[in-house]
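Coordinate analysis (summary)
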Amino acid sequence: MTMRENLARDERFSLLTPEDLQKQEGYGEYEDALDLYPNAAHLVQYIKSLDRPDMSSEFFVRLLEAYHSSKYDSDSDPTRVLLYLQTTMQMRAQLSGDSSPQSILSKPEHILQFIKHALEPPIKQAPSTEPNVGSHHGLGLADLRIVPPDENEFQDTDSDDEEPSGQNGNGDDEMTETAITLLLATLEANQDLSARNAPILNDIFLLLDPHASSASSSIRNAAREAKMVMTARLASTSTVWSSPQAKGESTQETYQKALKLLQDPILPVRAHGLLLLRQLVSRQSAAPPSVTSTEAALIPSILSIFMQAVQEDDSYIFLSAIQGLSAMVDAFGKEVLNSLLDTYTQGLTSIHGGYLTKQEVAVRVRVGEALGQVIRRCGDALGKYAEVVVPRLIAVFRASQAPTVLRASAVSLLTECIKTSFVALTWYTNELSAAMIDLLQVEMVSVPKIPLIHDSKLEERKDVDKKPTLDAEIDSNITAVDPKLPPLRRSALHFLTLLVKALTQAVNDGSMAELPSAPFLRRAKATLGYMSSMDDDATTRVMAREADEGINQLMKATLGL
């Protein structure tokens, strides 16, 4: 063989042929790298040429089910799983457009069935208790092993090796994200699809609840967006309107426009939909009572939308929802206020109050922010809601099994009541002040004795100083149930300081106010004086000195000095 023939043979094997170049330009460079059969792009093009949307939809659902089952089958062929995935992506790219007559989303019944199946938690098979097959013929290798396998037996493997599919929930996360994305695409392609004409959406809505608090941000955001769209879609198809208004943009038009914007995948557009709902609620609060009563049917749907938006991670979205919730209390009164209090206090007084997730605690804290705005807006009229608000906040404050953040939040709301209208809490001041002093005495943490630091321990002290601050640890663990944490003592001291100031102002003004007894004042001064010098939290020590000074001012005002 001559040298020229060898070079020609090497070029034939090292260079791409014109057919290969044409294939890369048409279907992508890495699409057919494994030479899978059948080619996914060719197969989908053939299905598209048949012009059978019903068959395409059925094939797509069967393909997703096969891919879903193969993810949990350890004996499945990896190349076959990859072929399922490639075909799925090609069908979504070529057959999921709204304008395509062969759209696989045109008949969503089968797709919704798959979405429900994919979102359901996998059923874990119990370990088999049957004896080994080989036991009928004598002892086997498994029977001879008397030492349990060591968990660290295979820890010396390469750290760069990939984990097996499905470990740590990666396989489940991929399928869950695919199902939720497919749900959003199906809802967008079928504008009339809602729980009224597809009851299976009710089951899917319930299955989205655990995924809305998932550790994966992509799954969490997609699940919340899907719940928002489904809530808005159900509200838009469930409202029956009377005769439309003639002047200006009617309530019906504003409401339907807001619901349409809330179903948009773009975040600022959804935020504008919340703004329209808040403006609609504010408009109803300024309307005559007769007009407000005709729109009472909108309360559950709007409240549900705002409660869904409170769970969003985007600050503009959940702040708009908080403002909308406070505006709803202004417009509709105790009905909405009781609903907010139910969300804020539900389960905290039971034994399960200490098992809340971070998402549940965060939602309750945001609802607490809405309650704070409601209290400030009430002003001197807070006494109308005092019997509804104050006892339930006291119950949360006393719940020792509740997260410390929520207990401190309840005390902060009680402090907001003192700032807004001291008269509204007149019947509760003695009980609350005694409870705060009891809390400070029981939960105070004294400064530990600091031993002399030798030169050999300087390096250890530097490492301790590099640790995150206590406030940072509290912010990162909002579900902690530890009454010794400083935020609870700080909130109690803040309440006492404002209560003493309000009592001092009432004495100076000559108003009628029930003053604390002399034994209580002596006990409070002793507790605050000890905390101001011995508490391990610097902020708590400063606040204790301020509260102690306030008691001194109250005693002087009482004596007329």
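Residues numbered from 1 in each chain as written. Predicted model: local features only at pLDDT ≥ 70, side-chain atom pairs only at ≥ 80, totals over all residues. Heavy atoms only, no water.

**Some details on the state of the cysteines**
Counted by the stated rule, this structure contains zero disulfides. Among the cysteines around C378, which has no disulfide bond, C417 carries the closest sulfur, lying 8.8 Å off. Accessibility expressed as a relative area gives 16% for C378, which makes it buried. (Disulfide = S-S within 2.5 Å. Buried < 20%, exposed > 50% of the residue type's maximum accessible area, 1.4 Å probe, protein only.)

**Details of unusual backbone geometry**
Backbone geometry follows two general trends: most residues other than glycine have a negative phi, and most peptide bonds adopt the trans configuration. The phi dihedral of D51 falls on the positive side, at around 55°, and the residue is not glycine. Relative to the helices and strands, D51 resides in the loop between α3 (40-50) and α4 (53-71). Among the residues examined, D51 registers a relative accessible area of 47% and is labelled partly exposed. (Helix = DSSP H or I, 4+ residues; strand = E, 2+ residues; numbered from the N terminus.)

**Brief notes about the nonpolar core**
In this structure, I302 and M328 are the most contacted members of the largest nonpolar core, which totals 98 residues. Among residues more than four places away in sequence, those in contact with M328 are V281, I299, I302, L303, F306, G333 and V336. Counting 38 residues, the second-largest nonpolar core is a separate cluster that includes F60, L64, F114 and I200. (Core = buried A, V, L, I, M, F, W, Y, C linked by side-chain atoms within 4.5 Å. Contact = heavy atoms within 4.5 Å.)

**Section: the confidence of the model for the protein chain**
Considering every residue of the protein chain, the mean pLDDT works out to 77; 72% of them sit at 70 or more. In this model residues 10-14 is a low-confidence stretch, pLDDT under 50, and it forms zero contacts with partners more than four residues away in sequence or in other chains. With pLDDT under 50 throughout, residues 461-467 is counted as low confidence; its partners more than four residues away or in other chains account for one contact. (pLDDT = per-residue confidence, 0-100.)

**Description of the packing of helix α15 (residues 315-332) against helix α16 (residues 334-345)**
One can describe the packing of α15 onto α16 by two numbers: an axis separation of 7 Å at closest approach and a directional angle of 140°. Classified by the angle their axes make, α15 and α16 are oblique. In this structure, α15 uses L325, M328, V329 and F332 to contact α16, whose residues at the interface are K334, E335, V336, L337 and L340. Classifying every residue of the contact of α15 with α16 gives seven nonpolar, no polar and two charged. (Axes fitted to C-alpha atoms, helices over the stretch in contact; angles between N-to-C directions. Parallel < 35°, antiparallel > 145°, perpendicular 65-115°, else oblique. Nonpolar A, V, L, I, M, F, W, Y, C, P; charged D, E, K, R; others polar.)

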